[in-house]
Amino acid sequence: MPVTPADYPKYMKIGCIVHAPTGDVLSRGHNKRVQENSNIRHGETDALENLGRVREGLLRECIMFTTLSPCIMCSGTCVLYKFPTVVLAENENFVGGEDFLRSQGVEVVNLKDEGITQMMAEWIASEAGRKIWNEDIGEVTQA
Ligand SMILES: Nc1ccnc(=O)[nH]1
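Cut-offs applied
Residues numbered from 1 in each chain as written. Predicted model: local features only at pLDDT ≥ 70, side-chain atom pairs only at ≥ 80, totals over all residues. Heavy atoms only, no water. Pairing = 2+ DSSP bridges. Helix = DSSP H or I, 4+ residues; strand = E, 2+ residues; numbered from the N terminus. Axes fitted to C-alpha atoms, helices over the stretch in contact; angles between N-to-C directions. Contact = heavy atoms within 4.5 Å. Salt bridge = Lys/Arg side-chain N within 4 Å of Asp/Glu carboxyl O. Buried < 20%, exposed > 50% of the residue type's maximum accessible area, 1.4 Å probe, protein only. Expected span 1.5 Å × (residues − 1). Arc of directions from axis to C-beta. Polar contact = N/O pair within 3.5 Å; in protein donor to acceptor, adjacent residues only side chain to side chain.

Student: I tried to follow the sheet that holds strand β1 (residues 15-19) on my own but got confused; where do I start?
Tutor: What the five strands build is an open sheet, ordered β2-β1-β3-β4-β5; its pairing is mixed. Among the strands making up the open sheet, the edge pair consists of β2 (25-30) and β5 (107-110). Pairwise comparison of adjacent strand axes, ignoring direction, gives a mean angle of 15 degrees for this sheet. In the sheet, β1 pairs with β2 via five bridges, with the strands oriented antiparallel. Residue pairing for β2: Cys16 is matched across the bridge by Gly29.

The structure is reproduced here in C-alpha cells:
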C-alpha cells in the first residue's frame, strides 16, 4: 500500500531505541502501522527487527527506551529476550504490560516526560490519529 504525504498525520508517533550497556545505540525503530500496513511493527518490535540477530546474551544486557508504555505484545517480547530494563517516556496516555514486566523482574523506569505526554495526547485526540491509535492497541473507535 503506497504511502503519500497525505498519510503523514496518521503516522504513529512512537519510537524506540535499543541501547547497549556501553552506551552505544544498537538499533532504532518506530511504529510503522501505516507505512508498512503492519499489525506488529510497534516502535519496540520495529527496533528489534531492525537489530536483527545478535550475539547470544546481548539483549540481556541492553536497555530499551521507548516513547510510550509498551503494550503486552512488546512487553512479552522484552521478557522473552530478558531485557533487564525498559525506560518509557510516559504512561499517562496508555499503560501496557508494565505489571507483567515487573513481575518478571524487568526494571521499568517512567520518565514522565511532559512534552511527550502532551504530544501523544494531542495526536490521540486528533481526527487523523484517533482511529489509527485505537487500531494499534486493539480497540474499536466509537462513532
Ligand atoms: N508502546 C507502544 C504502544 C502502542 N504502539 C506502539 O508502537 N508502542
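That was the structure; now back to the text.
Student: Please clarify how the environment of Tyr11 should be interpreted in this entry.
Tutor: Examined against the element boundaries, Tyr11 turns out to sit in the segment before β1. The spatial distance from the C-alpha of Tyr11 to the C-alpha of Ala121 is 14 Å, given a sequence separation of 110 residues. Those residues in contact with Tyr11 that sit more than four places away from it in its chain are Val3, Val34, Gln35 and Trp123.

Student: Help me understand the pattern of salt bridges in this model?
Tutor: All chains considered together, the criterion is met by 10 salt bridges. Where Asp7 meets Lys10, a salt bridge forms, and the shortest distance between an N and an O atom there is 3.3 Å. Among the residues examined, Lys10 registers a relative accessible area of 33% and is labelled partly exposed. A salt bridge links Arg41 to Asp46; the nearest nitrogen and oxygen atoms lie 2.6 Å apart. Using a relative accessible area of 21% as the deciding quantity, one classes Arg41 as partly exposed. Judged by its relative accessible area of 0%, Asp46 is buried. Among the charged side chains, a network of salt bridges with common partners joins Lys32, Glu36, Arg41 and Asp46.

Student: It is not clear to me how the pairing of β1 should be interpreted in this structure. Could you clarify?
Tutor: Walk down a regular strand and you will see the side chains alternate between the two sheet faces. Judged by which residues are buried, β1 turns out to be one-sided: Cys16 and Val18 face inward and are buried, whereas Gly15, Ile17 and His19, on the alternate face, are not. Connecting the antiparallel pair β1 and β2 is a turn made up of five residues, with Gly23 showing a positive phi of about 100 degrees. Bridge analysis of β1 against strand β3 (residues 63-68) gives four bridges, and the strand direction is antiparallel. Paired with Ile17 across the two strands is Phe65, which belongs to β3.

Student: So what exactly am I meant to see when it comes to helix α4 (residues 114-125) here?
Tutor: Two residues of an α-helix separated by three or four positions point the same way, owing to the 3.6 residues in each turn. Here α4 spans 16 Å end to end across 12 residues, near enough to the 16 Å set by a 1.5 Å rise per residue. Within the span of α4, buried status applies to Thr117, Met120, Trp123 and Ile124. Projected down its long axis, α4 shows its buried positions confined to an angular sector of 135 degrees, all on one face. Facing away from the buried side of α4 by more than 90 degrees, the exposed set consists of Glu114, Gln118, Glu122 and Ala125. Close packing links the buried residues of α4 with β3, β4 (85-90) and α5 (127-136). Regarding α4, its N-cap is Asp113, as a side-chain oxygen of that residue lies 3.0 Å from the backbone nitrogen of Gly115 further along.

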